[in-house]
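Residues per chain are reported as follows:
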Number of protein chains: 2
Amino acid sequence: MRPTTKDLAKAAGVSLATVDRVLNGRSGVRQKTVDAVNEAITRIGFERNQVAATLARQRGYRFGFVVPRSGDEFLSVIVKHISEFDQASRAEMIQTKIVRIDEHDPHRAARTLSRLSADEYDGIAIMAPETPQIRDALYRMRERGIQTVAIISNQQEEDDQSFVGIDNVAAGATAGRLMARFLGNRSGDILVLAETMQSRDSLERRLGFDRVMSPGYPQFHALPTLETHGYPERTNLVLKNALAAHPDIVGLYIMGSEARAAIECARQLKPDGKLITIAHERTPSTEQALRDNTLDALINQDPGHIVRSAIRTLRAKCENRETLASQERIRIEILISENL
Amino acid sequence: MRPTTKDLAKAAGVSLATVDRVLNGRSGVRQKTVDAVNEAITRIGFERNQVAATLARQRGYRFGFVVPRSGDEFLSVIVKHISEFDQASRAEMIQTKIVRIDEHDPHRAARTLSRLSADEYDGIAIMAPETPQIRDALYRMRERGIQTVAIISNQQEEDDQSFVGIDNVAAGATAGRLMARFLGNRSGDILVLAETMQSRDSLERRLGFDRVMSPGYPQFHALPTLETHGYPERTNLVLKNALAAHPDIVGLYIMGSEARAAIECARQLKPDGKLITIAHERTPSTEQALRDNTLDALINQDPGHIVRSAIRTLRAKCENRETLASQERIRIEILISENL
DNA sequence: CTGTTTTTGAGGTGCGTACCTCAAAAACTT
DNA sequence: AAGTTTTTGAGGTACGCACCTCAAAAACAG
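All of the points below concern the structure found in this document. (Residues numbered from 1 in each chain as written. Chains lettered and ligands numbered in written order. Predicted model: local features only at pLDDT ≥ 70, side-chain atom pairs only at ≥ 80, totals over all residues. Heavy atoms only, no water.)

Below, the discussion takes up the overall build of chain A. Scanning chain A for helices and strands turns up 14 helices and 12 strands. Along the three orthogonal principal directions, the C-alpha set of chain A runs to about 80 × 40 × 35 Å. Considering only contacts within chain A whose residues lie at least 6 apart along the sequence, 72% involve residues at least 24 apart. For chain A, the exposed surface amounts to about 15,400 Å²; the carbon and sulfur share of it is 49%. The positive charge centre, built from 46 side chains, and the negative charge centre, built from 45, are 6 Å apart in chain A. (Helix = DSSP H or I, 4+ residues; strand = E, 2+ residues; numbered from the N terminus. Contact = heavy atoms within 4.5 Å. Areas by Shrake-Rupley, 256 points an atom, 1.4 Å probe, with all protein chains shown as cover. Lys, Arg positive; Asp, Glu negative; His and termini not counted. Charge placed at Lys NZ, Arg CZ, Asp CG, Glu CD.)

This is the structure we're talking about:
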């Protein structure tokens, strides 16, 4: 039989009340007593029964997902998965809410974050570009006793347990390698497209891409990143200009998570030239493009996995546990039309 | 506030005891009453609190993983993940044991299965080739009240909820497409290697592979599958013979989950020719081969995911729930050295 | 209608923990 | 040593459900 708190109390030579105080980090216990209880924990191999604990705690967990207000297609996929998970996890007493922030106004965003209280949330998963204001707000949030994780875009140099998402340098490298291999023995220029190069994600992807291309494949020349700023018209324009200026384009790498406009352009270009096109994030449009061969490959991070992993990570932090690393590692998926 | 069994009893106009009888499928309740309770469930949106339920049930869940006794490298990875999960899920009151069966002796295997009792196991995940004996044993197991899922190799035409693994036809097609694209505009013969073509997995992979190659790429010719039967010496032999007989070999597709010997051969062949090599399942050796460029790509199914998904599926069955489809779908992963 | 069987209700206990209160004990302070 | 503060113990309640017993009620059979 697994030892219970009762057994633990006996083993440590203290009362249940003291065991409770130690286990839940309440104050008013001498260090000596704390040590004695901890010693007993390891000695008898006590493990808190999380099932009973959550039941007794009465209120399960309330987590918030902070996401940009205005978003691309990928964001809506994420949001869909959040509410799907919320549905499915009600029986496990986990509630999930979505909190929108203004990604273009760091101050307002920080203010929104500062209003999130520990009475309302046990943990927050945040998806936002890193700015000093946000970083600060997160710091204060943790001081208020709210657990945090960053998802998709890493905030600063966080530790493993505070970021759920992929290594974007590796993702860019993956795209680069595929691009090179799919191009085979051809040669020419490669277009690289991003929403903005201000964001760390784009910078890292480009870095990884170049790291593979530059030394390994001198026959290709990846042009400077073109910025679309998320506007379809601008995307059309910069693409058209680039194609005019560089007749020898053989590849197109769409780095951002909003690929619709770029794909549309590629679709029109595709029939004549054999343009190899690679994009990120599986969405209805990228999936469609993969099926109709407009896209040759898709680099994806499973949004469902990210959402669930963020929740598990937050919960583990609330319960002061470690996560199972292998489960929380988000894969850089390569999708082609055969393994959709 | 979420409705509890008490609320449900009131809403259905019955007592708590009757609600309990209906919820847990006990006998001695008129159909009419059952219907009334079920109606009330949907009407007030009752959802059983699983946390409280497992606590009250006292004993959590005991699951068994039935795996072949003698196995390849992939199997040991699976086993590692099972015990890792067992460790991590003790706090959730889930126990997992490994049961070995003799894969080469269907009768003995079936006998082992028949000895698994409902007193010991709530559910069984089985990884075994399909034979009439096993199929039968599984059927009887379900009659005994033990839930089952097949993992990795599907048993017959099971429904979605009874199989955790990948679509091997699609996996073969993925390998085929990658092979073709990596070969580019070259032409020649492609070697296909399997442990045995008796197994459904190999047949399906080959089918998928051919479905992509045959119509789409006339410049390649995939040779008949060579069987290694899992013996390194035989692998060496058949490979050597094949290479002698077909000087024009440009690709090697290793279909089985035991790739060590074949990789070793490929490693020796690689320097001179530009042999494109694709294998299945990530293991220490295939991973190493990917890093040193002996392998060009790896088709993988995440063993950790499979194990966890099998458990979740079994648990859902025990609790008479549906699973979250998107979470249980095992991906056909494409691995190259950049996204390991 | 009576006797038998089936169905239902009322009530209880326990799971392992959280969280609360109040008094007693121990540890400090001056 | 007396007073003050800190630490500990004892005991209780609650969470939502599973599982049990026994008696009462309802349905059915003859």
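Formed by 105 residues in total, the largest nonpolar core has its most connected members in Ile151 of chain A together with Ile151 of chain B. When sequence neighbours within four positions are dropped, the list of residues in contact with Ile151 of chain B reads Phe65, Ala125, Ile126, Met127, Phe163, Val164, Ile306 and Ala310 of chain B. Counting residues in each nonpolar core, the second largest holds 23 residues, with Leu223, Leu226, Ile263 and Ala289 of chain A among its members. (Core = buried A, V, L, I, M, F, W, Y, C linked by side-chain atoms within 4.5 Å. Buried < 20%, exposed > 50% of the residue type's maximum accessible area, 1.4 Å probe, protein only.)

Residues in close proximity to DNA strand D total 26 residues, the closest being Ser15, Thr18, Arg30 and Thr33 of chain A together with Thr5 of chain B. The share of sugar and phosphate among atoms of DNA strand D within 4 Å of the protein is 75%. Take Ser15 of chain A: an N or O atom from its main chain is 2.8 Å from a phosphate oxygen of DNA strand D. Arg48 of chain B has a polar side-chain atom sitting 3.0 Å from a phosphate oxygen of DNA strand D. For the surface near DNA strand D, the secondary-structure elements that each account for two or more residues are α2 (16-23) and α4 (50-57) of chain A together with α4 (50-57) of chain B. Ranked by residues supplied to the surface near DNA strand D, first place goes to α4 of chain B with 4 residues. Here the surface near DNA strand D is composed, by residue class, of 9 nonpolar, 10 polar and 7 charged. (Near = heavy atom within 4 Å. Polar contact = N/O pair within 3.5 Å; in protein donor to acceptor, adjacent residues only side chain to side chain. Nonpolar A, V, L, I, M, F, W, Y, C, P; charged D, E, K, R; others polar.)

In the region of DNA strand C, 27 residues are neighbours, and Thr5 and Ala56 of chain A together with Ser15, Thr18 and Thr33 of chain B sit closest. Near the protein, meaning within 4 Å, the atoms of DNA strand C are sugar or phosphate in a fraction of 73%, with bases accounting for the rest. Here a phosphate oxygen of DNA strand C and a backbone polar atom of Asn49 of chain A are 3.1 Å apart. Taken together, the elements giving at least two residues each to the surface near DNA strand C come down to α4 of chain A together with α2 (16-23) and α4 of chain B. When residues of the surface near DNA strand C are assigned to their parent elements, the largest contribution, 4 residues, is made by α4 of chain A.

Let us look at helix α10 (residues 232-245) of chain A. All names here are of chain A. Its 14 residues place the ends of α10 20 Å apart at the C-alpha level, agreeing with the 20 Å of an ideal helix rising 1.5 Å per residue. Those residues of α10 that fall on the buried side of the exposure criterion are Thr235, Val238, Leu239 and Ala242. The arc that holds every buried residue of α10, seen down its axis, measures 100°, which confines them to one face. Exposed side of α10, more than 90 degrees from the buried face: Glu233, Lys240 and Ala244 are the residues found there. (Expected span 1.5 Å × (residues − 1). Arc of directions from axis to C-beta.)

By convention, interface size is frequently given as the accessible area that disappears when the constituent parts associate. Counting from both sides, the interface comprises 46 residues of chain A and, opposite them, 46 residues of chain B. Of the roughly 4,100 Å² buried where chain A meets chain B, counting both sides, 50% is carbon and sulfur surface. In this assembly, chain A and chain B are joined by 7 salt bridges. Run the count over chain A and chain B and you get 16 residue pairs in polar contact (both at pLDDT 80 or more). The dominant element in the side of chain A that touches chain B, judged by the number of residues it contributes, is helix α8 (residues 168-183) of chain A, at 7 residues. (Buried area = accessible area lost by both parts, 1.4 Å probe. Salt bridge = Lys/Arg side-chain N within 4 Å of Asp/Glu carboxyl O.)

A separate point is the pattern of salt bridges. In total, this model carries 45 salt bridges over all chains according to the counting rule given. A salt bridge links Arg260 of chain B to Glu258 of chain B, with the nearest nitrogen and oxygen atoms 2.7 Å apart. Under the relative-accessibility criterion, Arg260 of chain B is labelled partly exposed at 41%. Sharing partners across several salt bridges, the network here consists of Glu130, Arg135, Arg200 and Glu204 of chain A.

The next subject is the packing of helix α1 (residues 5-12) of chain A against α2 of chain A. Residues and elements named next belong to chain A. Two numbers describe how α1 lies on α2: the axes approach to 9 Å, and their chain directions differ by 105°. Accordingly, the angle class assigned to the pair α1 and α2 is roughly perpendicular. Contacts between α1 and α2 involve Thr5, Lys6, Leu8 and Ala9 on the former and, on the latter, Leu16, Val19 and Leu23. For the contact of α1 with α2, the class distribution of residues is 5 nonpolar, 1 polar and 1 charged. (Axes fitted to C-alpha atoms, helices over the stretch in contact; angles between N-to-C directions. Parallel < 35°, antiparallel > 145°, perpendicular 65-115°, else oblique.)

Here the focus is the packing of aromatic side chains. What the rule picks out here adds up to 7 aromatic pairs over all chains. The interplanar angle of 5° and the centroid separation of 5.7 Å between the aromatic rings of Tyr61 of chain B and Phe63 of chain B together place this pair among those described as stacked. A relative accessible area of 5% means that Tyr61 of chain B is categorised as buried. Here Arg181 of chain A stacks its cationic end above the ring of Phe182 of chain B, 4.3 Å away from the centre of that ring. (Phe/Tyr/Trp six-rings, centres within 6.5 Å; stacked < 30°, edge-to-face > 60°. Lys NZ or Arg CZ within 6 Å of the ring centre and 35° of its normal.)

In this section: the environment of Gly208 of chain A. Residues and elements named next belong to chain A. As for its position among the elements, Gly208 is in helix α9 (residues 200-216). Gly208 sits in the buried class, given a relative accessible area of 1%. Separated by 123 residues in the primary sequence, Gly208 and Arg331 have C-alpha atoms spaced 16 Å apart.

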